[in-house]
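Examination of the molecular architecture
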Amino acid sequence: MSDVAPAVSLAKRPADVMKKLVALCKQRGFVFQSSEIYGGLKSAYDYGPLGAELKRNLMGEWWKDMVTTRENVVGIDASIIMHPNVWRASGHAAGFSDPLVDCKISKERFRADKAPRPAVGSPLPITCADKGVAKEWAERIAKEYGVELERDANVLNGLVAISASEFGFVPKGASAPTKTWPWRGYVGPTFGSPFLTDEKQFNLMFRTALGAVDPMQEVAVHLAKIGALPPPERADYLTQTFPTETAVAGSLMLKALDAVRDPNRYQDFIRSFIEHFTSLSSVYLRPETAQAMFVQFKNVMDSSGMKPPFGIAQMGKSFRNEVTVEHFIFRSCEFEQMEMEFFCEPGTQKEWMAFWKEARMSWWRRFANYPEDFVFRQHAKDEMAFYADDCYDVEYKYPWGWGELEGIASRTDYDLTQHEKHSGVTLQYVDQEKADPKTGAKPWKYKPYVIEPAAGATRALLCFLIDAYHEEERTTATGEKEIRTVLKLHPKLAPIKCAVLPLVKKDGMPEKAREIIAALLKAGVNAKYDEKASIGKRYAKHDEIGTPYCITVDGDTLTADTVTLRDRDTTLQVRLPIAEVVATIKARLEA
């Protein structure tokens with residue numbers, strides 16, 4: 001076997017990389033659409049054998065870097081369901097909502113705060129899926145808005161951003177708009193349409209009920225009784241059923257009385273009535289992992305003997321009732337996070353922000369083929385939460401543009417203050433050795449400030465798949481051109497570290513390959529035996545799934561106890577003794 005790689009012409013990222021990557025993920029078992037045999041579930045994905053392994057490797061590397069190699073960071077694994085007051089204290093229950101907008105033409109729904117904002121004076125082309133859709137939309141716009149947009153293949157032209165609050169139709173050859181409409185300065189992210197609905201608030205938390213008894217059953221019983229009573233008796237029923245001293249019940253009764261007098265208010269009463277019963281057992285699936293680390297701050301500190309500066313880390317699932325616009329697993333309802341809350345003395349947060357910024361960027365770039373595709377973006381003051389004093393995003397250059405991968409925020413003492421206020425439990429550190437800067441007296445009692453590096457594991461998986469995807473034009477030994485698809489995942493992230501391939505399924509080669517597999521697995525190397533198809537097709541398969549090394553058992557193996565080691569990225573092949581296989585593979589993985 002040759003130790004010289006064929007001539008290669010590299011293509012870093014094909015233009016249709018997302019389309020090809022999504023297809024590869026399904027074909028090779030990285031990511032599947034959830035519940036696909038039932039038509040799929042929007043914004044939900046399942047991770048197949050290779051995807052689960054890749055995600056586990058990635059999160060394991062994060063945990064190793066953030067927790068097990070640091071003396072001042074510990075980890076927890078908190079419950080997904082927490083006391084509802086946690087979310088009231090954090091502000092999620094009241095304000096965890098996004099402004100949503102629907103496109104009147106395409107029916108696309110998207111987040112207003114993430115929508116593209118064209119410059120004043122620029123054209124507003126509507127890009128349709130194809131020519132047929134363009135014709136349909138042009139006819140709809142003509143009928144509903146009274147303008148004839150010019151069709152250029154699948155693009156509708158003629159709309160212009162007149163100002164920050166108005167767009168209009170400027171016919172071809174005209175210098176001024178013949179018709180205008182008010183707008184809020186943004187267009188739909190997929191098609192670019194400015195014909196949009198008003199913004200609506202949409203709660204992102206999933207609510208469920210805790211307890212074996214279904215609260216809706218009680219609602220149904222009471223509403224049935226109320227509905228069967230004459231209107232004058234309904235208020236009496238409520239007065240007798242619900243104690244007047246209860247504020248909620250009092251509110252219900254007032255609304256019920258209004259409902260009796262005004263049937264149009266009956267809908268408000270029904271909603272309040274249902275809320276009264278369901279709120280007694282309502283809990284939420286956590287929208288982030290962070291709050292558990294604030295809530296358990298005191299327990300962790302007391303039980304482990306940690307003191308500032310120290311961190312609490314957690315990985316796990318979070319749930320947000322997201323509106324997914326596109327981009328595969330970039331945004332989904334169920335996702336995994338990797339977060340750490342680092343508690344430090346007030347006044348030292350800038351120093352620790354600089355430290356964690358460097359540490360986190362180093363981690364991202366360590367596993368990338370193209371480290372220049374990871375950059376920082378500092379938040380402007382009007383972007384930051386009111387309590388934060390600094391915030392950076394680690395952004396990645398996705399095929400559709402730069403997007404957030406991780407946030408690193410200086411959150412001051414806001415979270416501990418909020419939970420202390422709502423729980424009544426003191427959440428502070430007492431430093432017996434230091435004097436209070438305000439009084440000059442010992443000890444110093446303070447609520448630590450917090451630096452929060454918060455990364456998305458599912459977004460990380462997507463970005464490293466994009467970073468790894470390559471197509472190479474190669475010249476074969478016979479002079480023919482071929483395209484090789486290779487997933488150049490970092491060996492530590494790769495789902496399978498090594499494949500062992502018997503050249504043929506006879507002459508004792510499978511048995512020898514099985515011996516090598518057993519030795520690799522015993523040494524903790526995730527290796528796979530593969531005997532299906534020709535050796536060339538097996539190499540191509542493992543290139544596609546990112547296996548960094550292939551061991552081939554051939555005729556010389558049986559006579560000389562040597563095998564061929566093939567490198568995924570270079571395709572170079574070298575011979576080595578079977579006795580050295582395990583040590584060689586482990587050394588390369590650690591290099």
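All of the points below concern the structure found in this document.

The next subject is the overall build of the protein. For the protein, the count of helices and strands is 18 helices and 31 strands. Counting only C-alpha atoms and orienting by the principal axes, one finds that the protein spans roughly 100 × 80 × 55 Å. Counting the 591 residues in the protein, one finds 49% classified as buried. Counting only contacts in the protein whose residues sit at least 6 apart along the sequence, the fraction spanning at least 24 positions is 64%. Surface accessibility of the protein: about 29000 Å² in total, with carbon and sulfur atoms responsible for 52%. Seen as two clouds, the 77 positive and the 80 negative side-chain charges of the protein have centres 2 Å apart.

A separate point is the packing of helix 15 (residues 509–522) against helix 18 (residues 581–590). Think of two packed helices as two axes; the pair is described by the angle between the axes and how far apart they sit. The interhelical angle for the contact between helix 15 and helix 18, taken along N-to-C directions, is 45°, at an axis separation of 10 Å. Our classification of the angle between helix 15 and helix 18 gives oblique. Helix 15 and helix 18 meet at a crossing whose hand is right-handed. Contact with helix 15, carried on its side by Ile516, Ala519 and Leu520, involves Val581, Val582 and Ile585 of helix 18 and no other residues of that element. Residue composition of the contact of helix 15 with helix 18, grouped by class: six nonpolar, no polar and no charged.

If charged atoms from side chains of opposite charge come close, those side chains can pair. Overall, the coordinates contain 31 salt bridges when judged by the stated rule. Note that Asp65 is salt-bridged to Arg70, the shortest N-O span being 3.6 Å. Here Glu515 and Lys512 are joined by a salt bridge, their closest N and O atoms 3.6 Å apart. Separated by three residues within a single helix, Glu515 and Lys512 lie in helix 15, roughly one turn from each other. Within the structure, one salt-bridge network assembled from shared partners comprises Glu472, Arg484, Lys488, Asp543 and Arg566.

Pro308 connects to Pro309 through a cis peptide bond whose omega is 0°. Within the secondary structure, Pro309 is located in the loop between helix 11 (297–304) and strand 17 (310–319). The omega angle of the peptide bond from Lys442 to Pro443 is -5°, so this bond is cis rather than trans. Tracing the chain through its elements places Pro443 in the loop between strand 22 (429–431) and strand 23 (444–446). With a phi close to 75°, Ala533 is a non-glycine residue in the positive phi region.

In this section: the nonpolar core. Counting 57 residues, the largest nonpolar core has Phe30, Met338, Trp356, Trp364, Phe374, Leu462 and Phe464 as the members making the most contacts within it. Secondary-structure elements contributing two or more residues to this core are helix 1 (17–28), helix 2 (49–68), strand 18 (334–344), helix 12 (349–366), strand 20 (390–398), strand 21 (401–412), strand 24 (449–456) and helix 14 (457–468). Per element, the largest residue contribution to this core is nine residues, and it comes from helix 14. Those residues in contact with Trp356 that sit more than four places away from it in its chain are Met66, Arg70, Val73, Met340, Phe342, Ile408, Ile451 and Pro453. Ranked by size, the runner-up nonpolar core spans 28 residues in total, among them Cys128, Trp137, Val147 and Trp181.

Bringing the pairing of strand 16 (residues 282–285) into the picture now. One ladder, built from two bridges, connects strand 5 (residues 81–82) with strand 16; its direction is antiparallel. Paired with Met82 across the two strands is Tyr284, which belongs to strand 16. Of the pairings in the sheet, the one linking strand 15 (residues 207–209) to strand 16 comprises three bridges and is antiparallel in character. Its bridge partner being in strand 16, Arg207 is matched across the sheet by Tyr284.

Let's shift gears to the environment of Gly29. Locating Gly29 in the fold gives a position in the loop between helix 1 and strand 2 (31–33). Classification of Gly29 by relative accessible area gives buried; the value is 7%. Separated by 43 residues in sequence, Gly29 and Asn72 have C-alpha atoms that sit 38 Å apart.

Let us now look at the state of the cysteines. Taken as a whole and judged by the stated rule, the model has zero disulfides. No disulfide involves Cys333; its sulfur sits 19 Å from the nearest other cysteine sulfur, which is in Cys25. In this model Cys344 remains outside any disulfide bridge; the closest cysteine sulfur is found in Cys391, 15 Å from its own.

The rules behind each value
- Residues numbered from 1 in each chain as written.
- Predicted model: local features only at pLDDT ≥ 70, side-chain atom pairs only at ≥ 80, totals over all residues.
- Heavy atoms only, no water.
- Helix = DSSP H or I, 4+ residues; strand = E, 2+ residues; numbered from the N terminus.
- Buried < 20%, exposed > 50% of the residue type's maximum accessible area, 1.4 Å probe, protein only.
- Contact = heavy atoms within 4.5 Å.
- Areas by Shrake-Rupley, 256 points an atom, 1.4 Å probe, with all protein chains shown as cover.
- Lys, Arg positive; Asp, Glu negative; His and termini not counted.
- Charge placed at Lys NZ, Arg CZ, Asp CG, Glu CD.
- Axes fitted to C-alpha atoms, helices over the stretch in contact; angles between N-to-C directions.
- Parallel < 35°, antiparallel > 145°, perpendicular 65-115°, else oblique.
- Left-handed = near helix turned anticlockwise from the far one by under 90°.
- Nonpolar A, V, L, I, M, F, W, Y, C, P; charged D, E, K, R; others polar.
- Salt bridge = Lys/Arg side-chain N within 4 Å of Asp/Glu carboxyl O.
- Core = buried A, V, L, I, M, F, W, Y, C linked by side-chain atoms within 4.5 Å.
- Pairing = 2+ DSSP bridges.
- Disulfide = S-S within 2.5 Å.

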